[in-house]
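Coordinate inspection notes
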Amino acid sequence: MENLREHLLIGCGNPLLDIVASVDKDLLERYNLKPNDAILARDEHMHLYKDLDEKYNADYMAGGSVQNTLRVCQWILGTPKVATFFGCVGKDDYAKILEKKATQDGLNVRYQYTNEAPTGTCAVLITGTHRSLCAHLAAANHFTIDHLQKPDSRQLLESADYFYISGFFLTVSPPSIIEIARYAHKRKRTFMMNLSAPFVSQYYKEQLMAAMVYVDILFGNEEEVETFAREHSWHAKDRKEIGQKLLSLPKENSERERIVIITQGHYPVLLFQGNNIKEFPVQQLSREQLVDTNGAGDAFVGGFLAQYIKKKSLDVCVRCGIWAASQIIQRSGCTFEGKPSFQE
């Protein structure tokens, strides 16, 4: 395939085992959870995972935002080990399940292992077409920058042209993010980031803005960009104005214009580049076709990256992202099967 080779794309994030279950609103209320949200687990949520296992016939799936994105990217590319994933897991059976699944999907997995905590989990609570994510990072929290500085890791970093990191990873290892961001900047390689969830802009603003100056491509959904705008006291009239403000945030490499992409659920995707704003319609699915919106955002980025690293036009990248998301939401969890049928 054109422009493809091993280790072209590197992602860093939190490898989690998703515990997926359809639940009632009573369970959400009992644990103070919202129908459509993503949070980090607190003490009050520690019994949730046991409840799902014992009372709700939960499914276990490979998860974690960046790992999901790279799995989708690999599925579309069809060439193994184009993408490499870094994250931290425990020395347990959950880690073995995660590695087996990710490797089967063509991903090159370079986990850091810790004795300090078990492999992280994420409760995925489905109510109708909504999903609430509650992540217990556990081992994922123990990722350290020295794992990136090992000789074999450095070799992988040096071979990559594209780097993708989630906002979620700001809660774990900001030094690792800045290390990669500066590395990409120094070598004029592409550094991409996702706002990931509203709480990232609310509680990790300083860490996010330290990384933002290096971001070449920024992804976010409607709620995430609106929260970002509120946290920065922007009195923007709409998402188009927010996108333009995100575009004009300070940037280290001024020679390369930042690109901003805002997804809006079933409303058009907004692409911001230079003075231009483009809208891309989203395929409308019936209520019966919608199975699980968990992973839609991750899949969008996976589809986008699969074309972007092949140097396709931004139009093709966005359309592939929309196509990938439409496939994932018709299945339970961030799963896929068969040969991808995206047409440029």
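Residues numbered from 1 in each chain as written. Predicted model: local features only at pLDDT ≥ 70, side-chain atom pairs only at ≥ 80, totals over all residues. Heavy atoms only, no water.

1. Re the packing of helix α9 (residues 222-231) against helix α10 (residues 239-247)
- The N-to-C vectors of α9 and α10 enclose an angle of 65°; their axes lie 10 Å apart at closest approach. The angle between the axes of α9 and α10 places the two elements in the roughly perpendicular class. In the crossing of α9 with α10, the sense of the turn from one axis to the other is left-handed. Every residue of α10 that contacts α9 at Glu-222, Val-225, Glu-226, Phe-228 and Ala-229 is listed here: Arg-239, Ile-242 and Leu-246. (Axes fitted to C-alpha atoms, helices over the stretch in contact; angles between N-to-C directions. Helix = DSSP H or I, 4+ residues; strand = E, 2+ residues; numbered from the N terminus. Parallel < 35°, antiparallel > 145°, perpendicular 65-115°, else oblique. Left-handed = near helix turned anticlockwise from the far one by under 90°. Contact = heavy atoms within 4.5 Å.)

2. Let's talk about the sheet that holds strand β8 (residues 130-136)
- Taken in spatial order, the five strands make up an open sheet running β3-β8-β7-β2-β4, and their pairing is mixed. This sheet does not close on itself; its edge strands, each paired only once, are β3 (37-40) and β4 (59-63). The average angle at which neighbouring strand axes cross in this sheet is 25°, direction not considered.
- Across the face of the sheet, helix α2 (residues 48-55) comes into contact with β2 (16-22), β4, β7 (120-127) and β8 while running at roughly 60° to β7.
- Lying on the sheet, helix α3 (residues 65-77) is in contact with β2 and β4; it crosses β4 at an angle near 80°. (Pairing = 2+ DSSP bridges.)

3. A look at the UniProt feature "active site" (unreviewed entry) in the chain
- Under the present numbering, the feature "active site" (unreviewed entry) in UniProt falls on Asp-298.
- Within the element layout of this structure, Asp-298 appears in helix α11 (residues 296-308).
- Here Asp-298 falls in the buried class, since its relative accessible area comes to 14%. (UniProt positions renumbered as here; feature names shortened; annotations may be inferred. Buried < 20%, exposed > 50% of the residue type's maximum accessible area, 1.4 Å probe, protein only.)

4. Here's the deal with the packing of aromatic side chains
- Applying the stated criterion across every chain yields a total of 15 aromatic pairs.
- Consider the rings of Phe-143 and Phe-169, whose centres lie 5.4 Å apart with planes at 65°: the pair is edge-to-face. With Phe-143 in the loop between β8 and α5 (151-159) and Phe-169 in the loop between β9 (162-166) and α6 (174-186), the pair connects residues that are 26 residues apart, well separated along the chain. By the burial criterion, Phe-143 is buried, and Phe-169 matches it.
- Judged by centre distance (5.3 Å) and plane angle (85°), the rings of Phe-219 and Phe-304 are edge-to-face. Highlighted residues: Phe-219 in strand β11 (residues 217-221) and Phe-304 in helix α11, separated in sequence by 85 residues. (Phe/Tyr/Trp six-rings, centres within 6.5 Å; stacked < 30°, edge-to-face > 60°.)

5. Examining the pairing of β2
- Taking burial as the measure, the seven residues of β2 include six buried ones, the bulk of the element.
- Pairing of β2 with β4 involves five bridges; the strand directions are antiparallel. Bridged to Asp-18 within β4 is Met-61.
- One ladder, built from seven bridges, connects β2 with β7; its direction is parallel. Bridging across to β7, Leu-16 finds its partner in Gly-120.

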